[in-house]
Amino acid sequence: MGDGKKQVILMKGIGVSSGIVIGRAYLMERGIIEPAQFCYLDSAEIENEIERFTNALKTSRDQLLRIKKKMEQDGKGKEHIRIIDAHLMILKDNMLINDTIKVIKEERVNAEWALKTVLKDVKEYFDKIDDEYLKERSMDIEHIVNRVLINLMGRKHESIADLKNPSIVIAHDLAPTDTAQMVKGTVLGFLTDVGGRTSHTAIMARSLEIPAVVGLETVTRKAETGDIIIVDGTTGTVIINPSESVVEVYKRRKERYENYGKALFHYKDLPCETMDGRRVRLMGNMEIVEEIDSLIEHGAEGIGLYRTEFLYLNRKDLPTEEEHVKAYKQVVKRMAPNPVIIRTLDIGGDKFLAQMEMAKEINPAMGLRAIRFCLKNIDIFKIQLRGILRASANGKIRVMFPMISGMEELRRAKALLEQCMEELKAEGKPFDPNIEIGVMIEVPSAAIIADLIVKEVSFISIGTNDLLQYSLAIDRVNEHVAYLYEPFHPAVLRIIKTVADAANKAGISVSVCGEMAGEPEYALILLGFGVDQLSMNAFSILRVKRLIRSISYAEAKKICKQIVSLATAKEVENYINSKLPGLYKEEFWS
Ligand code: PEP
Ligand code: MG
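Residues numbered from 1 in each chain as written. Chains lettered and ligands numbered in written order. Predicted model: local features only at pLDDT ≥ 70, side-chain atom pairs only at ≥ 80, totals over all residues. Heavy atoms only, no water.

Summed over the entire model, instances satisfying the criterion amount to 33 salt bridges. Across the pair R386 and E427 runs a salt bridge whose closest N-O atoms are separated by 2.8 Å. One end of the pair, R386, is in helix 13 (residues 378-391); the other, E427, is in helix 14 (residues 407-427), and 41 residues separate them in sequence. Here K429 and E427 are joined by a salt bridge, their closest N and O atoms 3.1 Å apart. Through salt bridges that share partners, E321, E322, K382, R386, R390, E423, E427 and K429 make up one connected network. (Salt bridge = Lys/Arg side-chain N within 4 Å of Asp/Glu carboxyl O. Helix = DSSP H or I, 4+ residues; strand = E, 2+ residues; numbered from the N terminus.)

Next up, the structure:
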C-alpha cells in the first residue's frame, strides 16, 4: 500500500487517545506562521515583489470584506463589525504599506521578510506606550499582518470544520478551538509536533474517541498531504508510507482493539462495586453536548466534570444567560436522575477566549486563569452562575469552582453565587436553593489546606491534570517535559492521600476528574485512598469498572499502604504491575 517509492518513516510520540487508524494525511497550517524566509532580491525582481505584496494586501482586504458582509447578514452586533472595520483600516495604514515597500526597495529583501521587519518596529513602538487601548491595537496589527503573510505565502487559513474527505490531520499545534470543531468520521486521527498527555487538545481527542499522537516534534516536516499514515494512539507509534505487510499487521491490531472495546460492554449494566461491596460512582467528563450519548452508552452515572469553557469557544460573542440555561438544562435532563457537576468557566492556560483579546501572559498556566479570571470579570461570571442556578430548577445540578488556591477565593466565589440567588429570588425565577457547592483541588496550596476547605463545601474533586502540572512543575502542553508526567510519583500520591483523608474525615464526597481517574492502574490506587467517585471519558468507564469489580476494597487499601512507603515512581509502578496481572489484564495487545 506504500505510495510508490516513498520512504517509510517510523515516528514515536505521545499516544494520547487510543485506537488505530490508517488513512491519508492532511497537513494543516496551525500554531506557527512559518518564519518568513529571508530572500535577497536582484534589482530586476523588486517591482515584482512589490506587486506581490500589494496583491496580498488586496486579497486580505477582500477576505475581510467578505467576513464583514457575512456578519451583517448573520445579524452580528456592531461591536464585532467595528473590529473588522478596524482591521480594514490597518490594511490601509500608510506606515505599514509604505515602510514595507521601502524595506523591499532599500534592503532588497522579499515581501514576507520586509513585512515582518516592519511589524517588529511597530510592535516595539507600541510596547513603549503605556496605554492599554493602544497595546491592544498592536495585537490587531499583528493579527492582520499574519493574514497578509499567509496570503503572501499562498496559504489559506483553514478550518477543521471545512475538511471534506476523511483524513488524518497533521499540524504543528492544534488548539482546543480546533478540536472542538472536529467531527468523528471526517477527522480519522490527528498528529501534532507539540503537546502533552493532559493538554486539552489530547483530552478532547479521547472524548471524541479520535486516535491521536502528540509531541512528535517534526511530523509536519516529515509527512506530506496525501501520504498513507498509520496512527497507533495507544502506543504513540506513527508510520508514514508503510509497506503493505505492515498495514496488514495494523489492520489486525485494529480489529483486536475494536473487539476488546465491544467485549467491555459486558460490564455496562453491572454495578460498579468492589468484591467486598464498596460502591464507586463512575461519571463522565464532557466538553460538548454531543458527547452525552456516548457517555450514557458506556454507563456513566452522571457528569462528574462539565468543562463549560467550550460554550465560549469558536464564537465571536459571549454566551448569554439564556444560552447557559439552555445548555445545562439539556444536559441535566438527559442525565436524570443522575447528577451533573458543572464546573464554572476555566479559561486561560491552553484555552483562550477569542471574544476577549486576553492579554498575552508569559506563564498562562499560572496567570489569570479559571476562578481568578472570573473573580476579575464578575459580570461574565455572574451570567454563568445565574444560568447554572436557573438550570438547577430542572434537576440535580452541582456547581464546582476550578483552580481554587485559597479560602478567600472560595468565599468570594460562594458570595457571588449567593448574590445571584438573591437576585433570582427577587425576580421570582426558580432555582435549587440547596445546590451543592464543590471545588476542584488542583493547586498544591489547596491540597495542603484541604482540611480547611472541606469544612466549607459539599464535595471536592481532585483535578490531577493540573495538580501534577503544578506539583511536579511540568507544563502539561510541553512535549519536552512530558516524560516527567508521573502519576505514580510519591509526591503526587501523598498529596492525593492528604486530600482524600481530609474529605473522608469530614464525611464529604471526594472524586477525581483528571485523566488519572480513567486509567485502571491509577484508579486502583485512588480506590485504595478512599476516593468514592471517578470521572472520565466514555471509553475508560468500562475499563475502570472492570478493574474495580475485580478487586476488594480491603486489598486496594493494603496496596496503598505499601506504595506510600516507596521512594520512586518506578518502584510504585513495578509494585502495581506485580499486583495487576492477578487482578486484571488488558488483553487486546496479546
Ligand atoms: C484537571 O486539571 O485535572 C482537570 C480535570 O481540569 P482540566 O483538565 O480541564 O484543567
Ligand atoms: Mg484543571
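The magnesium ion (ligand 2) binds to the protein through E442 (OE) and D466 (OD), with metal-donor distances spanning 2.0 to 2.2 Å. Of this pair, E442 sits in the loop between strand 13 (436-441) and helix 15 (444-448) while D466 is found in helix 17 (residues 464-471), placing the two residues 24 residues apart along the sequence. Each member of the pair, E442 as well as D466, carries the same accessibility label: buried. (Donors = N, O, S within 2.8 Å, 3.2 Å for Na, K, Ca; no water. Buried < 20%, exposed > 50% of the residue type's maximum accessible area, 1.4 Å probe, protein only.)

Surrounding ligand 1, one finds 16 residues, the nearest of these being H200, R307, G463, N465 and R476. A distance of 2.7 Å separates an oxygen atom of ligand 1 from a polar backbone atom of N465. D466 places a side-chain nitrogen or oxygen 2.9 Å from an oxygen atom of ligand 1. Sorting the residues of the shell around ligand 1 by element identifies helix 7 (200-207), strand 10 (303-307) and helix 17 as the ones contributing at least two each. Looking at the shell around ligand 1 element by element, the count peaks at three residues for helix 17. Here the shell around ligand 1 is composed, by residue class, of four nonpolar, five polar and seven charged. (Near = heavy atom within 4 Å. Polar contact = N/O pair within 3.5 Å; in protein donor to acceptor, adjacent residues only side chain to side chain. Nonpolar A, V, L, I, M, F, W, Y, C, P; charged D, E, K, R; others polar.)

This brings us to the side chain of S461. Among the structural elements, S461 can be located in strand 14 (residues 459-462). Residue S461 is classed as buried on the basis of its relative accessible area, which comes to 0%. Setting aside residues no more than four positions away along its own chain, S461 makes contact with M400, V439, M440, I441, S511, V512 and C513. (Contact = heavy atoms within 4.5 Å.)

Counted at 1.5 Å a residue, the expected span for helix 18 (residues 490-506) with its 17 residues is 24 Å, and the 24 Å between its end C-alpha atoms agrees. Among the residues of helix 18, those classed as buried are P490, V492, L493, I495, I496, V499, A500, A502 and A503. In the segment just after helix 18, G507 is the residue with positive phi, at about 75 degrees. (Expected span 1.5 Å × (residues − 1).)

Among the surface-exposed residues, F38, Y40 and W113 lie close enough to one another that they form a single nonpolar patch of about 350 Å² accessible area. Along the chain, W113 falls in helix 4 (residues 111-128). (Patch = residues over 30% accessible without salt bridge, like charges linked within 9 Å, V, L, I, M, F, W, Y side chains within 5 Å. Areas by Shrake-Rupley, 256 points an atom, 1.4 Å probe, with all protein chains shown as cover.)

Our next topic: the nonpolar core. Counting residues in hydrophobic clusters, the biggest one holds 124 residues, and the most contacted among them are F401, I460 and L534. Per-domain counts for this core show at least three residues from each of domain 1 (9-30 + 160-263) and domain 3 (276-583). Counting 30 residues, the second-largest nonpolar core is a separate cluster that includes L41, I90, L91 and V148. (Core = buried A, V, L, I, M, F, W, Y, C linked by side-chain atoms within 4.5 Å. Domains from an automatic or database assignment.)

Looking now at the sheet that holds strand 16 (residues 533-536). Within the closed barrel, the eight strands sit side by side as 9-10-11-12-13-14-15-16. Their pairing is parallel. Looking at each pair of strands side by side, their axes are set apart by 25 degrees on average, direction ignored. In this structure, strand 12 (residues 397-401) lies alongside strand 13, joined through four bridges in parallel fashion. Bridging from a neighbouring strand, F401 pairs with V439 of strand 13. Packing against the sheet, helix 11 (residues 321-335) makes contact with strand 9 (281-286), strand 10, strand 11 (340-343) and strand 12, and its axis sits at approximately 160 degrees to strand 10. (Pairing = 2+ DSSP bridges. Axes fitted to C-alpha atoms, helices over the stretch in contact; angles between N-to-C directions.)

A few words on the sheet that holds strand 6 (residues 212-214). If you walk across this open sheet you meet the eight strands as 1-8-7-3-4-5-6-2, and the pairing is mixed. Either end of the sheet is taken by a strand with one partner, and the two such strands are strand 1 (9-12) and strand 2 (14-17). Each adjacent strand pair in this sheet contributes to an overall mean axis angle of 30 degrees, direction not counted. Sheet topology note: the strand 7 (residues 228-232)/strand 8 (residues 237-240) ladder contains four bridges and is antiparallel.

Before going further, it helps to spend a moment on the pairing of strand 12. Looking along a regular strand, one sees side chains alternate from face to face of the sheet. In terms of residue burial, strand 12 counts as a mostly covered element, since five of its five residues are buried. Of the two faces of strand 12, both are covered, the one formed by I397, V399 and F401 as well as the one formed by R398 and M400. When strand 11 meets strand 12, the two strands line up parallel, connected through four bridges. Bridging from a neighbouring strand, I341 pairs with R398 of strand 12.

Here we come to the pairing of strand 3 (residues 20-28). Here strand 3 runs beside strand 7; their pairing, made up of five bridges, is antiparallel. Following the sheet pairing, I20 is matched in strand 7 by D232.

Each neighbour pair has its own omega, and for A336 with P337 the value is 5 degrees, a cis peptide bond. You can see P337 is positioned in the loop between helix 11 and strand 11. Here E209, not a glycine, exhibits a phi torsion of approximately 55 degrees, which is positive. As for its position among the elements, E209 is in the loop between helix 7 and strand 6. Assessed through its relative accessible area of 26%, E209 is described here as partly exposed. Non-glycine residue N241 carries a positive phi angle of around 55 degrees. Here N241 shows up in the loop between strand 8 and helix 9 (244-263). We classify N241 as buried; its relative accessible area is 4%.

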